[in-house]
Amino acid sequence: MSAILLNGTEIRKEILAEIQQEVESIKAAHGVVPGLVTILVGSNAASLSYVSLKVKTAHSLGFKEIQDNQPDDISEAALLALLAKYQQDESIHGILVQLPLPSHINEKVVLNAIDPNKDVDGFHPVNVGRLVIGGTEAIFPPCTPAGIQEMIRRSGVETRGAEVVVVGRSNIVGKPIANMLLQKGPGANATVTVVHTATRDLAAHCQRADILIVAAGVPGLVKPEWIKPGACVIDVGVNRVGETVSPTTGRTVAILRGDVDFDEASKIAGFITPVPGGVGPMTIAMLMRNTLNSLKFKLGI
Ligand code: NAP
C-alpha cells in the first residue's frame, strides 16, 4: 500500500484563502477586521522568526497586526501592564505572548493574565476547561491540535467510532487532541487512548489504531510494524537529527525527522503526514482562524 500524503502546506493554503475571503466579507458588512498582537520579549532568533511569520501571515489576510517587541529586561509588572492595554483595546481580538520568556518573568503569571476571550493560543486554564467541556464552549482550541483535527477532517478519514491512539500527553498536543477527538460531534466521536512512557505495551496500542497521532519528540519511535494497514498516521514530532548545507541557499540547515519512520510507514498506512510539511504548517493557519473567530464571537456572527 502507498499512503496518501496529507500535505500541510497545501491544506494551509486552502484554509488561509477561506479566512481571507471571510475577512473581506466581514469588513464589507461590519467595517472591522480581526486584530492580532504578538508580544515578543528579547531577541531570541528562533522566536523572532516565528513571530515574523505570524505577523506576515496576519498581514497577508488583511488583519490588523501588531508586533510588539519588548527589551529582554522588561519587568514582569511592565509586561502585565502592556497586556492590560491590549485587553482593553477594542480593535485587538487576539493576544499572543511568544514563549519562552526571560527567566526573571513568571510565564504562568503572564499567560494566566491574558483575557481568556482574547487567548487565541488557547492555553489559559479557562480555555482548557472550555475545551474539555466541548461543543460551543470550546472557542479557542490550541493551534497544533486544531491543525491535526482539521487535517483529519479534510482528508475524509472517519473519526466517529474510530480507534484513536495518541502517543504523548503534553498540555500543548497530546492532552488537548485526545480531548477534542473524544467529544460528541462531527470530526470527533472517537474512542481515544493516550499512551506515554509508563504505558506497558506501546506497540500493541499503536497496532489497533485507525488513527495514530504521535507527539513524543523521539525520532523513529513508532516502528512500521506498529502501524495498522490503512491507518491514518499523524506525525507531530519535529526532531533535529543533524545538519546539511542547502543546495539552493548554501546555508546550513537542520535535518528534521518525525517520530515515525516515514519511508517504511508510508508503505503500510492509508494516510500519512510528512515531516517537515505536515502538521507544522497547520499551526499558524489555526492561529489565524482562532483570531478571526474571536472577532466573530464579538460581533455575534
Ligand atoms: P513533550 O512535552 O516533551 O511531551 C512528549 C510526550 O511524549 C510525553 O507525554 C512523554 O511521556 C511522551 N513520550 C516521550 N517518549 C516516549 C516514549 N518512548 N514512549 C511513549 N511516550 C513517550 O512534547 P510536545 O511538546 O508534546 O511535543 C512533541 C513533539 O511534537 C516534539 O517533537 C515537538 O517538537 C513536536 N511539536 C510540533 C508542533 C508543530 O509541528 N506545530 C507543535 C508542538 C510540538 P511522559 O509524559 O510519560 O514523559
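So, a few notes on the structure that sits alongside this text.

### Concerning the site of the ligand
Stage number 1. Taken together, 20 residues lie near the ligand, and Arg169, Ser170, Thr197, Val238 and Thr283 sit nearest.
Stage number 2. Here an oxygen atom of the ligand sits 2.4 Å away from a polar atom, N or O, in the side chain of threonine 197.
Stage number 3. The contact in question runs from an oxygen atom of the ligand to an N or O atom on the backbone of valine 238, over 2.9 Å.
Stage number 4. Computed on the free molecule, the ligand has an accessible area of 920 Å², of which 68% lies beneath the protein chains in the complex.

### Considerations on the pairing of strand E5 (residues 163–167)
Residues in a regular strand project their side chains so that they alternate between the two faces of the sheet.
Stage number 1. When you tally the buried positions in E5, you get 4 out of 5 residues, the bulk of the element.
Stage number 2. Relative to strand E6 (residues 191–195), E5 runs parallel, the two sharing 5 bridges. The residue of E6 that forms the bridge with valine 164 is valine 192.
Stage number 3. Read from E5 through helix H7 (residues 174–182) to E6, the crossover connection turns out right-handed.
Stage number 4. Pairing between E5 and strand E7 (residues 211–214): 4 bridges, direction parallel. Bridging across to E7, valine 166 finds its partner in isoleucine 213.

### What to know about the sheet that holds strand E3 (residues 64–70)
Stage number 1. Strands sit in the order E3-E2-E4 across an open sheet of 3 strands; the sheet is parallel. Unpaired on one side and paired on the other, E3 and strand E4 (94–97) mark the two borders of the sheet. Between one strand axis and the next, the sheet turns through 15° on average, direction left out of account.
Stage number 2. Direction of pairing for strand E2 (residues 35–41) relative to E4: parallel, over a ladder of 4 bridges. Following the sheet pairing, isoleucine 39 is matched in E4 by valine 97.
Stage number 3. Contacts from helix H3 (residues 76–88) reach E2, E3 and E4, with the element oriented near 175° to E2.
Stage number 4. The sheet contacts of helix H10 (residues 280–299) involve E2 and E4, and relative to E2 the element is tilted by about 125°.

### Some points on the environment of glutamine 70
Stage number 1. Counting through the fold element by element, glutamine 70 comes out in strand E3.
Stage number 2. Distance from glutamine 70 to glycine 42, taken between C-alpha atoms, is 6.1 Å for residues 28 residues apart in sequence.
Stage number 3. With near-sequence residues (within four places) excluded, glutamine 70 lies in contact with Ile39, Leu40, Val41, Gly42 and Leu82.
Stage number 4. Of note is the side chain of glutamine 70, whose polar atom sits 2.6 Å from the side chain of aspartate 68.

Calculation criteria
- Residues numbered from 1 in each chain as written.
- Predicted model: local features only at pLDDT ≥ 70, side-chain atom pairs only at ≥ 80, totals over all residues.
- Heavy atoms only, no water.
- Near = heavy atom within 4 Å.
- Polar contact = N/O pair within 3.5 Å; in protein donor to acceptor, adjacent residues only side chain to side chain.
- Areas by Shrake-Rupley, 256 points an atom, 1.4 Å probe, with all protein chains shown as cover.
- Buried < 20%, exposed > 50% of the residue type's maximum accessible area, 1.4 Å probe, protein only.
- Helix = DSSP H or I, 4+ residues; strand = E, 2+ residues; numbered from the N terminus.
- Pairing = 2+ DSSP bridges.
- Right-handed = clockwise from strand over helix to strand, strands pointing away.
- Axes fitted to C-alpha atoms, helices over the stretch in contact; angles between N-to-C directions.
- Contact = heavy atoms within 4.5 Å.

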